[in-house]
Amino acid sequence: MLQERIIPNRSSFSLPFYSPSTLLSNPLNLLSESQCIPQSSETMSSSTCSVANLAPLFGPNTTDAVASAGYIWSQFSVISSKFTDTDNAVDTTYLLFSAYLVFSMQLGFAMLCAGSVRAKNTMNIMLTNVLDAAAGGIFYYLFGFAFAFGSPSNSFIGRHLFALQSFPNSDFDYSYFLYQWAFAIAAAGITSGSIAERTHFVAYLIYSSFLTGFVYPVVSHWFWSPDGWASASNSGGLLFGSGVIDFAGSGVVHMVGGIAGLWGAFIEGPRIGRFDHAGGSVALRGHSASLVVLGTFLLWFGWYGFNPGSFAKILVPYGAGGGYYGQWSAVGRTAVTTTLSGCAAALTTLFGKRALSGHWNVTDVCNGLLGGLAAITAGCSVVEPWAAIICGVVAAAVLISCNKLAEKLKFDDPLEATQLHGGCGAWGVLFTGLFATEKYVMEVYGGEPGRPYGLFMGGGGRLLGAQMIQILSIIGWVSVTMGPLFLVLHKLNLLRISSDDEMAGMDQTRHGGFAYAYHDEGGDEISAKIQPNFGAQRA
């Protein structure tokens, strides 16, 4: 994720020596040749313009040349301020709109989760999605943003901007906080899917607050803050001369949520009835494929804020500027790579699962599509569109393989969140180290010529080495923080509900009734209690 790029200062101008008649007769050409209009971004910040520079240009016959020059100079200052204000307004609007898109993914998570669980647990999973956003908002405001981006800081964790003190400042505005909060609660939402249908409600509150307030912010500091030890924008020295390129969070967001879910689901154990007495897998299907599809499309839509929005700014020229190509082009390319990876993963999953099971399964295709989106998130800004198709195809294979492995190990994740976000996210990090192109890496991240890029693109193995370090560090950090937390909750009987409550469904036992109610023609409400459609049955 790009925190910011330096935009040249338009506040100073220099003007050549021309008479008033020449200035009036051909102003556009004169401005283009003028010393007050810098010829490149390198000279823009050093150009000067003052009344003393302008006054001699009017010649000896001009009445009060100093006053005339002063007026013109003041107009240049006004125009310069307008340019600066417009830059800031455009970039802030772009970032805010991207934040709204990422936040809309919470609705996608809610629909996907609701459709993927049995109807008797619908209210429970929907409420956890709401509280991921609510609790995450408070804890990210108090601690999370400061731990992630509070600068100056050390390479491990931020130390300033708690509760947004000294905010806004020259580095951050409120829009940036909102955008980062939307990312933080996305990581928490991933974990909630892994431990669905069997977890105490209080456990959701505890882990979600801890994840968004501490665990996730530390990881985002490492890889996204300019002070982070592995950040691609670290000015104090880049890891392997490259730093980690995880543009929008295949590792930072998806792996963190997936590995946290791995530990939660592992410590809890599988749902009742998920595996039979012989150890065979029993499908506990979600109650609504329609909600799954709706959630998938909402997530896909939100991903266009997740990936392209991670540029943070759009009004940034590449090179001297003034042409058709700039960061706005990179934003469009990022949207294209995001799209192609998801599409390729969906089609690969469709035919792969058909070959394995003999069915055209829409929920499997939806998960495959999301796996492709999670994978491309790391390298979406630095790879070619054709490479994104490879990313999606392999992501689908990774997801199918992880699901097979999970069945053999009797690991139960109702939404396949660990396999999808953890497995496909890890592949996306590696993919970036293989396919990142030199041109795009230099445009997006800058730096000296010779910066490492993808191994398969001729850039050597240093970037790939940095990407491997990221995978290992995320697995290690999340394991030593979230693993013990889930274990303590388990020991205190705060993690998993009783078997009776699980069989009856948490909507009925914990939330006052089922999510769905039906009415007969006379208007009498009848609670939906058709057990075969609502979950595992007693033997």
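The model shown is predicted, which means the values in this text are computed figures rather than measured ones.

## What about the overall build of the chain?
Each helix and strand counted, the chain has 18 helices and two strands in total. A burial count over the chain gives 54% of its 539 residues as buried.

## Re the environment of Val90
Residue position: Val90 is located in helix α5 (residues 65-116). Sequence-wise, Val90 and Leu315 are 225 residues apart; in three dimensions their C-alpha atoms are separated by 7.1 Å. Dropping the residues within four chain positions of it, Val90 is found in contact with Ile314 and Leu315.

## Digging into the side chain of Gln419
Structurally, Gln419 can be placed in helix α14 (residues 417-435). Residue Gln419 is classed as buried on the basis of its relative accessible area of 7%. With sequence-adjacent residues up to four places away left out, Gln419 is seen in contact with Leu399, Cys402, Asn403, Ala406, Phe411, Asp413 and Cys424.

## Notes on the pattern of salt bridges
On inspection of all chains with the given rule, the structure shows eight salt bridges. The shortest N-O distance in the salt bridge between Arg271 and Glu197 comes to 2.4 Å. Taken together, the positions of Arg271 in the loop between α9 (250-268) and α10 (289-306) and Glu197 in the loop between α7 (174-194) and α8 (201-224) put the pair 74 residues apart, joining distant regions of the chain. You can call Arg271 buried: its relative accessible area is 4%.

## Focus on the nonpolar core
With 122 residues, the main nonpolar core has Phe145, Tyr216 and Val253 as its most contacted residues. In terms of residue count, α7 provides more of this core than any other element does, 12 residues in total. Each residue touching Phe145, except ones within four places of it in the same chain, is listed here: Tyr140, Gly150, Leu161, Leu164, Phe167, Phe172, Tyr176, Phe177 and Gln180.

## Here's the deal with a nonpolar patch on the surface
Nonpolar side chains collect at one region of the surface, where Val202, Leu205, Ile206, Val488, Leu492 and Leu494 lie side by side and expose about 440 Å² of accessible area between them. Of all the elements, α8 adds the most residues to the nonpolar patch, at three residues. Looking at the secondary structure, you find Val202 in helix α8. Given a relative accessible area of 35%, Val202 falls into the partly exposed group.

## Overview of the side chain of Glu502
For Glu502, the position within the fold is in helix α17 (residues 499-504). Residue class for Glu502 comes out buried when judged on its relative accessible area of 3%. Glu502 has contacts with Lys120, Glu197, Arg198, Arg271, Ile272, Arg496 and Ile497, leaving out every residue within four places of it along the chain.

## Structural notes on the confidence of the model for the chain
Mean pLDDT over the chain: 85, with 82% of residues reaching 70 or higher. Every residue in residues 4-47 is under pLDDT 50, and counting partners more than four places away or in other chains gives 77 contacts. Contacts for the low-pLDDT stretch residues 521-539, under 50 throughout, to residues beyond four places or in other chains number 29 contacts.

## Brief notes about unusual backbone geometry
Of note, the amide linkage connecting Ser151 to Pro152 takes the cis form, showing an omega dihedral of 0 degrees. The step from Phe167 to Pro168 runs through a cis peptide bond, and the omega angle for that step is 0 degrees. Structurally, the position occupied by Pro168 is in the loop between α6 (122-149) and α7. Positive phi values are uncommon outside glycine, yet Phe240 reaches one of about 55 degrees. In this structure, Phe240 sits in the loop between α8 and α9.

## Some points on the environment of Phe109
Along the chain, Phe109 turns up in helix α5. If sequence neighbours within four positions are ignored, Phe109 has contacts with Asn129, Ala186, Ile190 and Leu299.

## What to know about the packing of aromatic side chains
If you walk through the whole model with that rule in mind, you get 39 aromatic pairs. Ring centres of Phe149 and Tyr176 lie 5.5 Å apart, and the angle between their planes is 75 degrees; this geometry places the pair in the edge-to-face category. Placement of Phe149 in helix α6 and of Tyr176 in helix α7 is noted, with a sequence separation of 27 residues between them. Here Phe149 matches Tyr176 in class, with each residue buried. An aromatic cluster is built from Phe139, Phe143, Phe147, Phe156, Phe162, Phe210, Phe214, Trp222, Phe223, Trp229 and Trp477, whose rings are joined through pairwise contacts. For Arg274, the ring lying beneath its charged end belongs to Phe275, and the centroid distance is 4.9 Å.

## Things to note about the packing of α8 against α9
Here α8 crosses α9 at 145 degrees, and the two axes come no closer than 9 Å. Considering only the axes of α8 and α9, their crossing is right-handed. Judged by residue contacts, Leu211, Tyr216, Val219, Ser220, Phe223 and Trp224 of α8 engage Val252, Val253 and Val256 from α9. Tallied by class, the residues present in the contact of α8 with α9 amount to eight nonpolar, one polar and no charged.

## Quick word on α7
For α7, which comprises 21 residues, the first-to-last C-alpha distance of 32 Å matches the rise-based estimate of 30 Å (1.5 Å per residue) to within 8%. Counting buried positions over the 21 residues of α7 gives 19, a clear majority of the element.

## Focus: the environment of Arg510
Following the sequence through the fold, Arg510 ends up in helix α18 (residues 506-510). Taking the relative accessible area as the measure of exposure, Arg510 reaches 35% and is therefore partly exposed. For Arg510 and Met123, which are 387 residues apart along the polypeptide, the C-alpha to C-alpha distance reads 9.5 Å. In contact with Arg510, not counting residues within four places along its chain, are His200, Ile497 and Asp501. Within polar-contact distance, the side chain of Arg510 engages the side chain of His200 at 3.1 Å.

## A closer look at the packing of α9 against helix α16 (residues 462-491)
Between α9 and α16, the least distance of the axes is 8 Å, while the angle of their chain directions is 35 degrees. Judged by the twist between their axes, the crossing of α9 over α16 is right-handed. Residue-level inspection shows Gly251, Val252, Met255, Val256, Ile259, Ala260, Trp263, Gly264 and Ile267 of α9 in contact with α16, the latter providing Gln470, Ile471, Ile474, Ile475, Val478, Ser479, Met482, Gly483, Phe486, Leu487 and His490. The residue makeup of the contact of α9 with α16, split by class, is 14 nonpolar, six polar and no charged.

Definitions and cut-offs
Residues numbered from 1 in each chain as written. Predicted model: local features only at pLDDT ≥ 70, side-chain atom pairs only at ≥ 80, totals over all residues. Heavy atoms only, no water. Helix = DSSP H or I, 4+ residues; strand = E, 2+ residues; numbered from the N terminus. Buried < 20%, exposed > 50% of the residue type's maximum accessible area, 1.4 Å probe, protein only. Contact = heavy atoms within 4.5 Å. Salt bridge = Lys/Arg side-chain N within 4 Å of Asp/Glu carboxyl O. Core = buried A, V, L, I, M, F, W, Y, C linked by side-chain atoms within 4.5 Å. Patch = residues over 30% accessible without salt bridge, like charges linked within 9 Å, V, L, I, M, F, W, Y side chains within 5 Å. Areas by Shrake-Rupley, 256 points an atom, 1.4 Å probe, with all protein chains shown as cover. pLDDT = per-residue confidence, 0-100. Phe/Tyr/Trp six-rings, centres within 6.5 Å; stacked < 30°, edge-to-face > 60°. Lys NZ or Arg CZ within 6 Å of the ring centre and 35° of its normal. Axes fitted to C-alpha atoms, helices over the stretch in contact; angles between N-to-C directions. Left-handed = near helix turned anticlockwise from the far one by under 90°. Nonpolar A, V, L, I, M, F, W, Y, C, P; charged D, E, K, R; others polar. Expected span 1.5 Å × (residues − 1). Polar contact = N/O pair within 3.5 Å; in protein donor to acceptor, adjacent residues only side chain to side chain.

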